Amino acid sequence: MAARRRKGKIMHFHWWFLRVLPALRSYCLFGGSTSGKGRKRRASGGGVKMAAPLRIQSDWAQALRKEEGEAWLSCHPPGKPSLYGSLTSQGIGLDGIPEVTASEGFIVNEINKKSIHISCPKENTSSKFLAPYTTFSRIHTKSITCLDISSGGGLGVSSSSDGSMKIWQASNGELRRGLEGHVFDVNCCRFFPSGLVVLSGGMDAQLKIWSAEDASCVVTFKGHKGGEREVGTEAKMLLLAREDKKLQCLGLQSRQPVFLFIGSDAFNCCTFLSGFLLLAGTQDGNIYQLDVRSPTVPIQVIHRSGAPVLSLLSFRDGFIASQGDGSCFIIQQDLDYVIELTEADCDPVYKVATWEKQIYTCCRDGLVRRYQLSDL
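Basis of the calculations
Residues numbered from 1 in each chain as written. Predicted model: local features only at pLDDT ≥ 70, side-chain atom pairs only at ≥ 80, totals over all residues. Heavy atoms only, no water. Helix = DSSP H or I, 4+ residues; strand = E, 2+ residues; numbered from the N terminus. Buried < 20%, exposed > 50% of the residue type's maximum accessible area, 1.4 Å probe, protein only. Areas by Shrake-Rupley, 256 points an atom, 1.4 Å probe, with all protein chains shown as cover. Pairing = 2+ DSSP bridges. Axes fitted to C-alpha atoms, helices over the stretch in contact; angles between N-to-C directions. Salt bridge = Lys/Arg side-chain N within 4 Å of Asp/Glu carboxyl O. Core = buried A, V, L, I, M, F, W, Y, C linked by side-chain atoms within 4.5 Å. 1 Å grid on protein atoms, 1.4 Å probe; cavity = no way out; pocket = protein on both sides within 12 Å on 5 of 7 lines; lining within 4 Å. Points joined across faces, edges and corners; volume = space filled by probe spheres on them. Nonpolar A, V, L, I, M, F, W, Y, C, P; charged D, E, K, R; others polar.

Quick look at the overall build of the chain
Helix and strand content of the chain: one helix and 35 strands. Here the chain holds 376 residues, and 53% of them are scored as buried. Element-wise, carbon and sulfur atoms account for 49% of the exposed surface of the chain, whose accessible area totals about 16,600 Å².

Some details on the sheet that holds strand 8 (residues 83-92)
Strand order in the open sheet formed by four strands is 6-7-8-9, and the pairing between neighbours is antiparallel. Single-partner strands in this sheet number two, and they are strand 6 (54-56) and strand 9 (98-102). Across the sheet, the axes of successive neighbouring strands diverge by a mean angle of 25°, strand direction being ignored. Sheet analysis places strand 8 next to strand 9, joined by four bridges and oriented antiparallel. Residue Thr88 lies in a different strand from strand 9, and its bridge partner there is Thr101.

With respect to the sheet that holds strand 10 (residues 107-111)
Judged by pairing direction, the sheet is mixed, and its seven strands sit side by side in the order 10-11-12-32-31-30-29 without closing on themselves. Each edge of the open sheet is held by one strand with a lone partner, namely strand 10 and strand 29 (309-315). Adjacent strand axes in the sheet meet at a mean angle of 20° when their direction is disregarded. When strand 29 meets strand 30 (residues 318-323), the two strands line up antiparallel, connected through six bridges. Its bridge partner lying in strand 30, Phe315 is registered against Gly318.

A short note on the pattern of salt bridges
If you walk through the whole model with that rule in mind, you get eight salt bridges. When the shortest N-O distance is used, the salt bridge between Asp325 and Arg55 registers 3.7 Å. Of this pair, Asp325 sits in the loop between strand 30 and strand 31 (328-332) while Arg55 sits in strand 6, placing them 270 residues apart in sequence. Among the residues examined, Arg55 registers a relative accessible area of 18% and is labelled buried. Linking Arg369 and Asp365 is a salt bridge whose minimum nitrogen-to-oxygen distance equals 2.8 Å. Residue classification places Arg369 among the buried residues on the basis of a relative accessible area of 4%.

Overview of the nonpolar core
Grouped together as the largest cluster of nonpolar side chains are 19 residues, with contacts concentrated most on Trp60, Leu87, Ile116 and Ile118. For this core, the secondary-structure elements that each account for two or more residues are strand 6, helix 1 (60-63), strand 7 (70-75) and strand 11 (115-120). One finds Cys28, Phe272, Leu278 and Val292 within the second-largest nonpolar core, a separate group that totals 18 residues.

Comments concerning empty space enclosed by the protein
A probe as big as a water molecule, rolled over the atoms, marks out the empty space that is left. Throughout the structure, instances matching the rule amount to two cavities of 30 Å³ or more. Considered as a void within the structure, the second largest cavity measures approximately 30 Å³ in volume. Looking at the lining of the second largest cavity residue by residue, the class counts come to four nonpolar, one polar and two charged.

Below you can see the structure in the form of structure tokens.
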């Protein structure tokens, strides 16, 4: 297992230990070839894909269920004035779906109880907005900093800025048990693949392993005093997102550099999309897509806003990203529109977890939201 330590605090970890690097914000492990000399690359060329994101009132689903209810929407093309408009409900149809019209410049392509597909023809952009299927408000009282869902989809675990870490029923948010033992805040938590064990790290610079069945703390790691025997590190790559603007890839067993890429700002998060394709997000809102076999120039750089990219997660044939302005979105290769997960209302979405067709998010507003992709 590996840990990120900054000023004595454990902030993020993965399952395998390599070493603790200063200024490390996030990391991801993946199998793949690690041959070749280390290469240092600076972000240049490749071009930045400046999107023209559509925005919608966070509680649009509730607002449009009212008679003559309205919700605002907008489009923000880069380098141009923003376009503003509105949606108006004409009533609820016999199928329980609102009949909605858009103001000039926008088109309602499709709507159901939990989603609405909007286009802005002038900017050739389109988004499908998805409202939460359900919201869990009683798990924590303050900002939720991390969450994970068990491999079977039955349990969730989350940590909060109120210092608590809790296990809950993923279907309804019902509290199962609290995990008590860290001093100060718990910054990260994750299920083992079995779904029966939880690993956590906190500001007390401790890693703890818990039983999800009885909430007992089985092991506490307070620091390594000797060498460790490694298992299964062959042909594995470790990807490191660092706050010194560097994205670093290392051979896990060899400790040799694969490449070092310099971005536009501090890297907050990273993930592998495949054995060679990866994503990394920065503090200034850039999402870099790179190929480790040729990292000289990014495949693309996606920029939707200047808000920090807080989490990235490989999903189907695309990815899910969340940012500090409350946006959380899905980009997939087979879709010509973006799926936007709504209702955060400008509060940062810190973490995203998935299980089958369900997506869970945690937010500064203290809520866990569960979305159903079947609602699309």
